[in-house]
Structure formats: C-alpha cells, structure tokens
Amino acid sequence: MHGLMQQRPLSLPHVFHRAEQLFGHKTIVTATADGEQSVTIAEWAQRTRRLATALDTLGVSADGRVGTFCWNTARHLELYLAAPCTGRVLHTLNIRLFPEQLVYIANHAEDEVVFVDRSLLPVLWPLADKFETVRRYVVIDDGADVPIPDDPRVLDYEELLAAAEPYQGRFRVDDENTAAAMCYTSGTTGNPKGVVYSHRSTLLHSLISLIADGAALSERDVMMPVVPMFHANAWGLPYGALLAGSDIVFPGPNMTPQAILGLIQDHKVTVTGGVPTIWMGALPLLDDYDVSSLRTILCGGSAVPRSLSEAYREKIGLPMLHAWGMTETSPIATMSTARSHHAALDESGRADARARQGQPVPLVELRLVDPDTGEEQPWDDVATGEIQAAGPWIAREYYRGEGGGAQFTKDGWLRTGDVASVDRYGFVRLVDRTKDLVKSGGEWISSVELENEIMAHPKVAEAAVIAIPHEKWVERPLACVVVKPGETVTPEEIIEFLTPRVAKWWLPDAVEFIDEVPKTSVGKFSKKTLRDKFAGYQMAGPEE
Ligand code: ADP
C-alpha cells in the first residue's frame, strides 16, 4: 500500500520563494571595505530574479557550473540561489587555495563562468588563461582599489543585473536529486575531490540549522556566518537563515577579530559560526566589545579546545556549540548541545561533555569500525575505531568517481578517516584524524588531546602536536607551541604542566616554540606544513 501524500520535490526554489514571500521585510547587511550595505530580503530576491535571467543571457548551459570566488556577502547569497534555482550548479571556489589547485578544480568541474569579488581579482586573474572552460568573468565591485582587466571576457555584475529582466513566476527544479552545488575537499593528499550536493541533500541539511538541539535558527535571530561560504556552503547557515527568516549579517572581506566583534556588537548578532582559530583570535579582545546579544557560537571544522570553550563561558557566559563534520557530510553530522543526562554533572563535567563532538543529528547514522578487522566497535566510550557515516546528505561517491573509491564501503557508508570513541548516548569523542595520530610503539597517541591539554596552559596561545619518525618507537610526539604575547615559557614548564594530565608515554619528547601555527585554506591548523617544516627533526624518545 502506498502513502497518499503529495510528491513535492525537496528543492531549493522552496527556500527562495519562502524567504521572498514571508520574510521580505527582513534585512541582509554586508560589511564592505568602507562601510556597510543593507538590503531587504525583498530587494535581494528581486536581484536574485534578475541574476537568474542574466545566467541565461550569459549562455550558461542548462546544468552549467557557476563558479564563485567571493567573500561572504549578500551578492554571494544571490548566486547561492540563482544558480541552483535555474538548474545550474553553484561551485564555490576556495579563495585561499594554491593556484595549481584552483586551476585543477575549475577545470575538473568545468566551470563556465566565474563571479569574482573585485578585491580578489589579483588572486584570480593571473590564473584566467589556465581555466580552460571559463568563458566569462563577472566582476562584483566591492569597492576595492584594484584594476579591472580590460578584456572581452570581463563583465560588470551590476551592469549585468541592470540589463536583465527579473525572472517571472516560480522557479522549478522537479527532480530533487539534481545537483545544486559542489565543493572540493581541500585535499591534504593528492588532488582535491569533488563533492556534489543535490537539491534534496542541501534542503534537508539546511533544516538541521533550525533544530532545537542544534543552532535553533529562528525568525527572531540575527545570524552571521563567519565560516566562509566556500567552506562546505558555510555549514548550511545561509540557506537555514533564509528558511527560518532570520536577519543576516555578512562580514565581507574584513575578517579580523576586531571587525567580527564589531559586527556582533553593532547588529546584535545572536547566532554565529566559525572555526576555532577565529574564536581564539577574538578571545583577547572580548572585553572591548559588547557581545551580550550572542546566544550561539557554532564551532567546528577542527576540535574545539575545552579551554577555548571554557574561556568564552567564563568571559561572556557562553561556551561554544561544538559540531563535527566534513565537506563530504554537507558538513553537519554531529552536534554537542547539552542533554538531560548532562544535568547531573558539575560545571567541569559539562565542559568535558561540550568538548565532545556531539551526537549524530537527526537523519545521520554513524558506526564505529575497527580499520584493521572491519568489525563494528561497541559504544562504550572506550573502544576506538574509524567513524563511518550514512544519511541523505552524506556523499556516496566523488565527482566523476575520481580520487577515493576506498573512502566508501561496499555497503554504502562513508569512511571519514576520523578515529573516535562513542559513549552509550551516541556522543562522539574524536581522538584524531587517522593521518595525524602519533603511532608510538604499537599504540596511538591522540595529537588532538595533547594539543587541548597544552592549550589549557594559561601562557599558551596555540599548540599543535605532530608525529616525528623514530627509530625505536616508529613515531613520537613533538609539541609546537605558540606563547601568548608578552609571556615566556620553557619546554620543561610545558612538560611539567602535562605530566599529571596525560599518560607518561604520551609526553612529547620535545617542545618547539614557533611564532604561529600555520593554517590551512579554511583556517585549520596545517599539520602537513608543520611536518614539512620539521622533516628530519631528531628526538631522543623515552627510554622504555
Ligand atoms: P579538510 O579535510 O580539507 O580539512 P574538511 O573541512 O572537510 O576538509 O575537514 C573535515 C575534517 O575536519 C574531519 O574529517 C575532521 O578530521 C575535522 N573536523 C571537523 N570538525 C571537527 C571537530 N569538531 N573536531 C575535530 N575534528 C573536526
């Protein structure tokens, strides 16, 4: 017997029309180089309709890839809807990738047009001749004082919109499994891999930003995504905000902690999200701003140090909302909101719980598998294994089937490459990435846990732990530590601080002080760069 409900596609036109019809009076503010631009959702929707027709004028094919090379702005949000609502595929290019990777990605995706913020032209334009399929570059003038190339391929965004008639009527994407957007993983090894989101996956994932045991976006919120719109669709927050009807604030090109805190203060932002390094940078400045409007700081992309979350709780009464995921998981897979069984814990126990990556969100299933035997592991908070994920917004293969067949199991689960243990409530505690674990004498040392402990030292700003090859032990940990400005610490002090906190054989064999932990294109600690920097490093290692 079949159900007798209507078959309506789960597709992004719903997001657009809902926002246009119900929330036209709400606002989108974008910080610019010399001020701010504010539009209502009604104005934004009208511009998006013009852009939709302009994509036809530009000759973008029916499912053509529309590249964006942009900051977080209202105009980027126009592209976020106009491309998929007309059947095209939004392809957000990561503005911080190496040139060779950008060229590879744009060619692999076969981008037909690239929309680029004027301030980013100096990065993009030198590569233009290497982009084999791009026929047009549309420059979005963000007021930056950089020359616009005199080239027939270059068009002006505002002129394009002004010349276009607004698309009439409702957008339609009838097949919800059509591609809506794509993102390439940063590819720490090998070439970047293309993840292709469908309308269905994107819409379902966007709803997760509205759930109560998540960011709980509502019409009463002012949401500011600090996480870039090229980093896994800004974690679904922009689409989520449009569905909920929240006001939106976009930080634009100025991503300094001062600018971000200023926007939170001026616009009374209630919900924001970004990787831990953003919030580490803002921490010393918190006293200078009124951020009392905040109720949720979504944080993930790498482990949120317990000490960071606690520092926010102590200063502004608001710990981080920890989430875990990856480009292949759209990205939200787990979230760590407090549960009733945490109520019995003391403050320190609750901080431990918050430092966990959290429980799978609705519709996501996880399992823990021993990578060697392939056997499923119990959720007893002791056994560790690789996390595998399944669900309607989890990738089942990469674009063109390239670069990672081994990452998908025969029975259709994604192998995340993350090692974790899980408690009986399904709360994940991520031990490490498989490739970052320190394999010492047949056992594992968690670089994440060591880093968290070192960063709890009051004089330490940042710390990253990497494995150094070792003759006897295979690998041993090296701690790379950044000291807070104006402080001094010795290696012995760090080891002394760690001694009561971790197993003796986990203690790093050496501590190196560095000026800054190198960051990846999305602002995470780049262990690869550190490993290259310390290649050939010699350490004694423990006696036994
Ligand atoms: P990249 O591999 O280029 O960093 P992603 O942004 O897809 O690209 O990274 C996903 C990975 O980031 C996860 O597999 C995991 O290792 C790490 N990660 C994400 N969120 C967390 C978190 N909350 N805690 C620890 N690690 C995390």
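Residues numbered from 1 in each chain as written. Predicted model: local features only at pLDDT ≥ 70, side-chain atom pairs only at ≥ 80, totals over all residues. Heavy atoms only, no water.

The chain has the name Long-chain fatty acid--CoA ligase in an unreviewed UniProt entry, where Pseudonocardia acidicola is given as its organism.

Draft legend 1. Structural detail: the UniProt feature "domain: AMP-binding enzyme C-terminal" (unreviewed entry) in the chain. On the UniProt side, "domain: AMP-binding enzyme C-terminal" (unreviewed entry) is annotated at positions that read residues 449–524 here. Its end C-alpha atoms 16 Å apart, residues 449–524 is made of 20% helix and 33% strand. (UniProt positions renumbered as here; feature names shortened; annotations may be inferred. Helix = DSSP H or I, 4+ residues; strand = E, 2+ residues; numbered from the N terminus.)

Draft legend 2. A look at the nonpolar core. Ranked by internal contacts, the top residues of the largest apolar core, which has 84 residues, are Trp 44, Leu 77, Leu 81, Phe 115 and Leu 242. Top contributing element to this core by residue count: helix H3 (residues 74–85), with 8 residues. Other than its neighbours up to four places away in sequence, Leu 242 contacts Val 15, Ala 19, Phe 23, Ile 41, Trp 44, Leu 77, Leu 81 and Ile 248. Counting residues in hydrophobic clusters, the runner-up holds 57 residues, among them Met 280, Ala 311, Val 438 and Met 455. (Core = buried A, V, L, I, M, F, W, Y, C linked by side-chain atoms within 4.5 Å. Buried < 20%, exposed > 50% of the residue type's maximum accessible area, 1.4 Å probe, protein only. Contact = heavy atoms within 4.5 Å.)

Draft legend 3. A look at helix H7 (residues 199–208). Burial within H7 is extensive, with 8 of its 10 residues counted as buried. Listing the buried residues of H7 in full gives His 199, Ser 201, Thr 202, Leu 203, Leu 204, His 205, Ser 206 and Ile 208. In this fold, the buried residues of H7 make contact with helix H1 (13–22), H3, strand E8 (179–184), strand E9 (194–198), helix H8 (237–244) and strand E15 (332–335).

Draft legend 4. Highlighting the site of the ligand. The local shell around the ligand holds 16 residues, among which Ser 186, Ala 323, Thr 327, Asp 418 and Lys 524 are the closest. Gly 301 places a main-chain nitrogen or oxygen 3.0 Å from a nitrogen atom of the ligand. Between an oxygen atom of the ligand and a main-chain N or O atom of Thr 327, the distance comes to 2.7 Å. Isolated, the ligand exposes 570 Å² of accessible area, and the fraction of that covered by the protein chains is 91%. Those elements that provide at least two residues to the shell around the ligand are strand E14 (321–325) and strand E20 (428–433). Broken down by element, the residue count for the shell around the ligand peaks at 4 residues, all from E14. (Near = heavy atom within 4 Å. Polar contact = N/O pair within 3.5 Å; in protein donor to acceptor, adjacent residues only side chain to side chain. Areas by Shrake-Rupley, 256 points an atom, 1.4 Å probe, with all protein chains shown as cover.)

Draft legend 5. Structural view of the pattern of salt bridges. By the definition in use, this model includes 34 salt bridges. The partner of Arg 118 in a salt bridge is Asp 141, and the shortest N-O contact between them spans 3.1 Å. Taken together, the residues Arg 118 in the loop between strand E5 (111–117) and helix H5 (121–124) and Asp 141 in the loop between strand E6 (136–140) and strand E7 (154–156) connect sequence positions 23 residues apart. Arg 118 gets classed as buried once you look at its relative accessible area, which sits at 16%. (Salt bridge = Lys/Arg side-chain N within 4 Å of Asp/Glu carboxyl O.)

Draft legend 6. Region of interest: the domain arrangement of the chain. Each assigned domain of the chain is listed with its residue range as follows: domain 1 (12–25 + 41–202) and domain 2 (437–533). Spacing between the C-alpha centres of domain 1 and domain 2 amounts to 40 Å. (Domains from an automatic or database assignment.)

Draft legend 7. Representation of the pairing of strand E3 (residues 65–69) in the model. Among the 5 residues that make up E3, 5 are buried, leaving the element largely enclosed by the rest of the structure. Along E3, one buried face is formed by Arg 65, Gly 67 and Phe 69 and the opposite face, lined by Val 66 and Thr 68, is buried too. Pairing of E3 with strand E4 (residues 89–92) involves 4 bridges; the strand directions are parallel. Counterpart to Arg 65 in the pairing with E4 is Val 89. Once the chain exits E3 it traverses H3 before rejoining the sheet at E4, and the crossover so formed is right-handed. (Pairing = 2+ DSSP bridges. Right-handed = clockwise from strand over helix to strand, strands pointing away.)

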